[in-house]
Each structure stands twice: as structure tokens, then as C-alpha cells.
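# Tertiary structure, described
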Amino acid sequence: MSEISKRLVVSSDLEKNLIFQNLLNMEEPVVLELEGKHYAGIVELYENGTIVLHMKDTLPMDVQGTVRAHFVFHNNYHYFTTSVHKKSENQVRLQLPDKIFKNMLRAHDRIDVLNRVFMRFRILVSSE
């Protein structure tokens, strides 16, 4: 596996723990893609390789099976596919997979140097 490929996969339990504990404390949203619609939720609990999300919107009644989830952590777009189980009207439990994939994102900004504008462009490295 090349050096870039290794950086685009989160597979260690220590790194997953760091990510989801920070998402829990910062209340950053995790977005689920269900039947072409996006539902955002906040991490409410993280334990034993599962997370419980408190959803901002009410979910459809028959939420079961596999979903794609994504979130942004430290300017990196993370995504994974996992199984979901509905706990209540606004709570779901996600089983964390062995690997979480990420794309490195960098925002662009304009820099004015002696009346000349230089741009830093957004860099996107895809792991798919």
C-alpha cells in the first residue's frame, strides 16, 4: 500500500476513538444517506465500536440495513458504509466498520501580496 493510500484509510481503534470522542465533544454532525435523502445527526454516545446518533430530523419508520455515513473532521471528509438500527424516533445506532475512508480537503483562499493576488487552490485526493 502506498504512503498516500495509508493516509486515506482510518483503521486503528485508537484513531477511531480520537475521531469519535472529538465529534462527541464538538457536536459535529454525521450525515446519513437514506434513499437519496440526507439526515444529519449529532454523536450522542460512542462505545464498543458503535455510535448512537441523535438525529435533527425525524427518520422514516423502516430504517434498517446498510447506509452510507459521512462527516468532516480536521478538514478531512470521512465516509463509510455500515449497518443502521433505529433505537427511537430520533436515535439510530451505527456499527463502525473496520475501515473508514477519507479524502483530504484543503480550502482555497486568496492572498494579496503587493497588489497581486495569489490563490491557494483546494486539493482533493480521492481514495476511491
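Above this note sits the structure.
An account of the accompanying structure is given in this report. (Residues numbered from 1 in each chain as written. Predicted model: local features only at pLDDT ≥ 70, side-chain atom pairs only at ≥ 80, totals over all residues. Heavy atoms only, no water.)

Our focus in this paragraph is the nonpolar core. Core analysis: the biggest nonpolar cluster contains 25 residues, and Phe20, Leu23, Leu32, Leu53, Phe71, Phe80 and Leu94 have the highest contact counts within it. Ranked by residues supplied to this core, first place goes to strand β5 (residues 64-73) with 4 residues. (Core = buried A, V, L, I, M, F, W, Y, C linked by side-chain atoms within 4.5 Å. Buried < 20%, exposed > 50% of the residue type's maximum accessible area, 1.4 Å probe, protein only. Helix = DSSP H or I, 4+ residues; strand = E, 2+ residues; numbered from the N terminus.)

Let us look at the pattern of salt bridges. Counting across every chain of the model gives 1 salt bridge. Across the pair Glu15 and Lys102 runs a salt bridge, and its minimum N-O distance is 3.9 Å. Taken together, the residues span a long stretch of sequence, with Glu15 in helix α2 (residues 13-26) and Lys102 in strand β8 (residues 100-105) at a distance of 87 residues. (Salt bridge = Lys/Arg side-chain N within 4 Å of Asp/Glu carboxyl O.)

Along the polypeptide, Gln91 turns up in strand β7 (residues 91-95). Given a relative accessible area of 19%, Gln91 falls into the buried group. Engagement of the side chain of Gln91 in a polar contact is seen with the side chain of Glu44, the distance being 2.2 Å. Other than its neighbours up to four places away in sequence, Gln91 contacts Glu44, Val52, Leu53, His54 and Lys86. (Polar contact = N/O pair within 3.5 Å; in protein donor to acceptor, adjacent residues only side chain to side chain. Contact = heavy atoms within 4.5 Å.)

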